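# An overview of the molecular structure
Below are the chains, spelled out letter by letter.
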Amino acid sequence: MKPYANIAELIASLESEIRSLTEEITTLKEQPQSFNEQVIFKYIDTCSTGKTKDFVRALGVKSERGSFFSSGDVSKLIKDGADDISPQLLAIARKVASMKNKHGKHH
C-alpha cells in the first residue's frame, strides 16, 4: 500500500490499483496475436525462461541466429521487446521477471 495523507487519497490510490489490475487481467485474457506474444504468455504462465525455451524448442522454432532457442533468447525478448508484442503484455512479463529476481522462484 502506498503512503497516503487522508482517506480520500487512500481511496484514490486503491481505485487506481483496481484499474491497473483490471487492465492486466484484460490483457492476460486476450489471445496471443503473434508468435512472440505466445512466447511471452508462456513465460508469464510458467515464470521460467527454461520452461519457455523448452516450449519454443518443442514447436521446432529456431532463434534469429538459426540455432536452438535458448533461455537467453527468452530473456532478451522480455528485456528488448518486439514490434509484435503489446506493451501491456510486455509490462506484465517484465513485472514477473522483476518479482522473480527480487524474491527467487515465484511459485
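Residues numbered from 1 in each chain as written. Predicted model: local features only at pLDDT ≥ 70, side-chain atom pairs only at ≥ 80, totals over all residues. Heavy atoms only, no water.

## Here's the deal with the nonpolar core
Taken as a class, soluble globular proteins show a tendency for nonpolar side chains to be buried jointly. Core analysis: the biggest nonpolar cluster contains 18 residues, and I40, Y43 and I44 have the highest contact counts within it. Going through the elements one at a time, α2 (35-46), α4 (71-80) and α5 (87-103) are the ones with two or more residues in this core. No other element matches the six residues that α5 contributes to this core. Residues contacting I40, with those up to four places away along its chain left out, are L77, I78, I85, L89, L90 and A93. (Core = buried A, V, L, I, M, F, W, Y, C linked by side-chain atoms within 4.5 Å. Buried < 20%, exposed > 50% of the residue type's maximum accessible area, 1.4 Å probe, protein only. Helix = DSSP H or I, 4+ residues; strand = E, 2+ residues; numbered from the N terminus. Contact = heavy atoms within 4.5 Å.)

## Observations regarding the packing of α2 against helix α3 (residues 49-58)
Here α2 crosses α3 at 140 degrees, and the two axes come no closer than 8 Å. When the axes of α2 and α3 are compared, the pair comes out oblique. Crossing hand, α2 versus α3: right-handed. Packed against α2, whose contacting residues are F35, Q38, V39, K42, Y43 and T46, the element α3 presents T49, K51, T52, F55 and V56 at the interface. Partitioned by chemical class, the residues of the contact of α2 with α3 number five nonpolar, four polar and two charged. (Axes fitted to C-alpha atoms, helices over the stretch in contact; angles between N-to-C directions. Parallel < 35°, antiparallel > 145°, perpendicular 65-115°, else oblique. Left-handed = near helix turned anticlockwise from the far one by under 90°. Nonpolar A, V, L, I, M, F, W, Y, C, P; charged D, E, K, R; others polar.)

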